[in-house]
Amino acid sequence: MREFPAPGSRPAAPRQRGKVVQMPTPRVVRRRRSTRLAMAALGVVLAGAVAARVYLTLNRPPSTEQMAGVSPEESRVLELVNAARSRAGLPALKLDGHLAVAARGHSYDMALRHYFSHRSADGVSPEQRLRGCGIGYTEMGENIYVDDLPDRAELPERAVKGWLGSPGHRKNMLSPQFNQTGVGMARGADGATYITQDFIRK
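Below or above, wherever it landed, is the structure these notes cover.

Calculation rules
- Throughout, a residue's number is its position along its own chain's written sequence, starting from 1.
- Local features in this predicted model are restricted to residues whose pLDDT is 70 or higher, and side-chain atom pairs enter the listing and the counts only when it is 80 or higher, whereas totals over whole chains, interfaces and linings include all residues.
- Side-chain descriptors were evaluated using all non-hydrogen atoms of the structure, hydrogens and water having been removed beforehand.
- By the convention used here, strands pair only if DSSP detects at least 2 bridges between them.
- A helix here means a DSSP run of H or I that spans at least four residues, while a strand means a run of E at least two residues long, and both kinds are numbered starting from the N terminus.
- Contact definition: two residues touch when any of their heavy atoms are within 4.5 Å.
- Axes here mean lines fitted to C-alpha atoms, for a helix over just the part in contact, with angles spanning 0 to 180 degrees between N-to-C directions.
- Helix span is expected to be 1.5 Å times the residue number reduced by one.
- In this scheme, a residue with accessible area under 20% of its type's maximum is buried, one over 50% is exposed, and one in between is partly exposed, where area comes from a 1.4 Å probe on protein chains only.
- Two N or O atoms count as a polar contact when they lie within 3.5 Å, although within protein this holds only if one can serve as hydrogen donor and the other as acceptor, and sequence-adjacent residues are included solely when both atoms are side-chain atoms.
- To sort the angles, those under 35 degrees are grouped as roughly parallel, those over 145 as roughly antiparallel, those from 65 to 115 as roughly perpendicular, and the leftovers as oblique.
- The crossing is said to be left-handed when, going from far helix to near helix, the turn is anticlockwise and less than a right angle, and right-handed when the turn is clockwise.
- Nine residue types can take part in a nonpolar core, namely buried Ala, Val, Leu, Ile, Met, Phe, Trp, Tyr and Cys, and a core is a set of them joined through side-chain atoms within 4.5 Å.
- Every case where a carboxyl oxygen of Asp or Glu lies within 4 Å of a side-chain nitrogen of Lys or Arg is listed as a salt bridge.
- For this analysis, a ring pair means two rings from Phe, Tyr or Trp (six-membered ring only for Trp) whose centres lie within 6.5 Å, classed as stacked if their planes differ by under 30 degrees, edge-to-face if by over 60, and tilted for the remaining angles.
- Charge over a ring is defined by NZ of Lys or CZ of Arg lying within 6 Å of the ring centre and within 35 degrees of the ring normal.

### Quick look at the sheet that holds strand S4 (residues 193-201)
Stage number 1. Spatially, the four strands line up as an open sheet ordered S1-S3-S4-S2, and their pairing is mixed. In the strand order of this sheet, the two ends are held by strand S1 (94-95) and strand S2 (139-147), each with one partner.
Stage number 2. Note that strand S3 (residues 180-187) and S4 share eight bridges and pair antiparallel. Across the sheet, the residue bridging to Ala186 is Tyr194, located in S4.
Stage number 3. Docked against the sheet, helix H3 (residues 72-87) engages S1, S3 and S4, running at close to 140° with respect to S3.

As structure tokens, then:
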């Protein structure tokens with residue numbers, strides 16, 4: 001049964017919902033939000049920079065020293081030789097990876113076959129040895145050194161000092177004609193260490 005309003009009465013008006021008044025965000029809150037956003041953006045940039053550096057480090061082409069497998073002692077010899085050239089007003093020699101491998105090969109040959117000479121036990125000269133390795137040059141020179149002292153800490157210093165005290169070796173080290181070099185060391189079963197340094201000009 002339907003109910004009708006009594007005569008003269010008015011239907012109840014619908015309830016009005018309260019208005020929502022949006023208050024402005026306080027300045028302090030806005031600053032905090034901006035700071036958080038800036039820090040987040042900075043974090044993203046830094047993370048990207050770190051990732052890029054790691055990628056470049058892992059994918060960087062190997063250096064000449066790495067390709068030639070140059071040891072710290074061999075690098076020290078080159079450093080001392082270039083220091084002597086600098087004192088003489090000469091430019092530094094540039095390391096050539098192929099030359100370093102050839103020099104190390106001669107040192108290993110001397111260590112294994114127990115001889116000490118620029119010419120191999122088979123009679124191969126330094127010039128023939130480099131040409132056989134495919135190394136082209138217009139001029140070349142070679143220094144060799146053998147050391148049987150048990151203390152290897154000062155080995156590079158002893159080698160370079162010995163070369164500087166020998167007129168022929170000193171001439172190679174301080175020649176303005178040479179611009180590339182390679183240093184190679186090898187230790188024999190008897191404990192002796194052989195060092196070969198080849199100099200060329202291409």
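### Digging into helix H4 (residues 97-113)
Stage number 1. Along its 17 residues, H4 runs 24 Å from first to last C-alpha, staying within 8% of the 24 Å computed at 1.5 Å per residue.
Stage number 2. Those residues of H4 not exposed but buried are Gly97, Leu99, Ala100, Ala102, Ala103, Arg104, His106, Ser107, Asp109, Met110 and Ala111.
Stage number 3. At the N-terminal boundary of H4, the capping side chain belongs to Asp96, with an oxygen 3.1 Å from the backbone nitrogen of His98.
Stage number 4. Following H4 by one or two positions, His114 has its phi on the positive side, about 55°.

### Side note on the environment of Arg187
Stage number 1. With respect to the element layout, Arg187 can be found in strand S3.
Stage number 2. Separated by 75 residues in sequence, Arg187 and Leu112 have C-alpha atoms that sit 8.6 Å apart.
Stage number 3. Beyond its immediate sequence surroundings of up to four residues, Arg187 is in contact with Ala111, Arg152, Ala192 and Thr193.
Stage number 4. From its side chain, Arg187 meets the backbone oxygen of Gly191 in a polar contact 3.3 Å long.

### A few points about the packing of H3 against helix H6 (residues 155-164)
Stage number 1. Interaxial distance between H3 and H6 falls to 9 Å at its minimum, and their mutual angle equals 40°. As summarised for this structure, H3 and H6 are arranged oblique, according to the angle between their axes. H3 and H6 meet at a crossing whose hand is right-handed. Between H3 and H6, the residues in contact are Glu73, Arg76, Val77, Leu80, Val81 and Ala84 and Leu155, Pro156, Glu157, Val160, Trp163 and Leu164, respectively.

### What about the nonpolar core?
Stage number 1. Among the nonpolar cores identified, the biggest contains 18 residues, and Val77, Val81, Tyr145, Val160, Trp163, Met173 and Ile195 are the most heavily contacted of them.
Stage number 2. The set of elements that each furnish at least two residues to this core consists of H3, H6, S3 and S4.
Stage number 3. If we skip the residues at most four places from it in the chain, Val160 touches Val77, Leu80, Val81 and Met173.

### Brief notes about the side chain of Glu74
Stage number 1. Assignment of secondary structure puts Glu74 in helix H3.
Stage number 2. A distance of 2.9 Å separates a polar side-chain atom of Glu74 from the backbone nitrogen of Ser71.
Stage number 3. Discounting residues that sit within four places of it in the chain, Glu74 has contacts with Gly69, Arg104, Val183, Gly184 and Met185.

### Some words on the pattern of salt bridges
Stage number 1. The tally for this structure, following the rule as stated, stands at nine salt bridges.
Stage number 2. Notably, a salt bridge pairs Asp109 with Arg113, separated by 3.0 Å at the nearest N-O pair. You can see Asp109 and its partner Arg113 sitting in helix H4, four residues apart, about one turn around the helix.
Stage number 3. Here Asp147 ties to Arg158 by a salt bridge, and the two come within 2.7 Å at their closest N and O atoms. With Asp147 in strand S2 and Arg158 in helix H6, this pair connects stretches of sequence that are eleven residues apart.

### Topic: the environment of Leu95
Stage number 1. On the secondary structure map, Leu95 appears in strand S1.
Stage number 2. Leu95 sits in the buried class, given a relative accessible area of 12%.
Stage number 3. Residues Leu95 and Val183, 88 residues apart in the sequence, show an inter-C-alpha distance of 8.3 Å.

### Here's the deal with the packing of aromatic side chains
Stage number 1. Enumeration according to the criterion identifies one aromatic pair in this entry.
Stage number 2. If you follow Arg131 out to its NZ or CZ, it ends over the ring of Tyr137, 4.0 Å from the centre.

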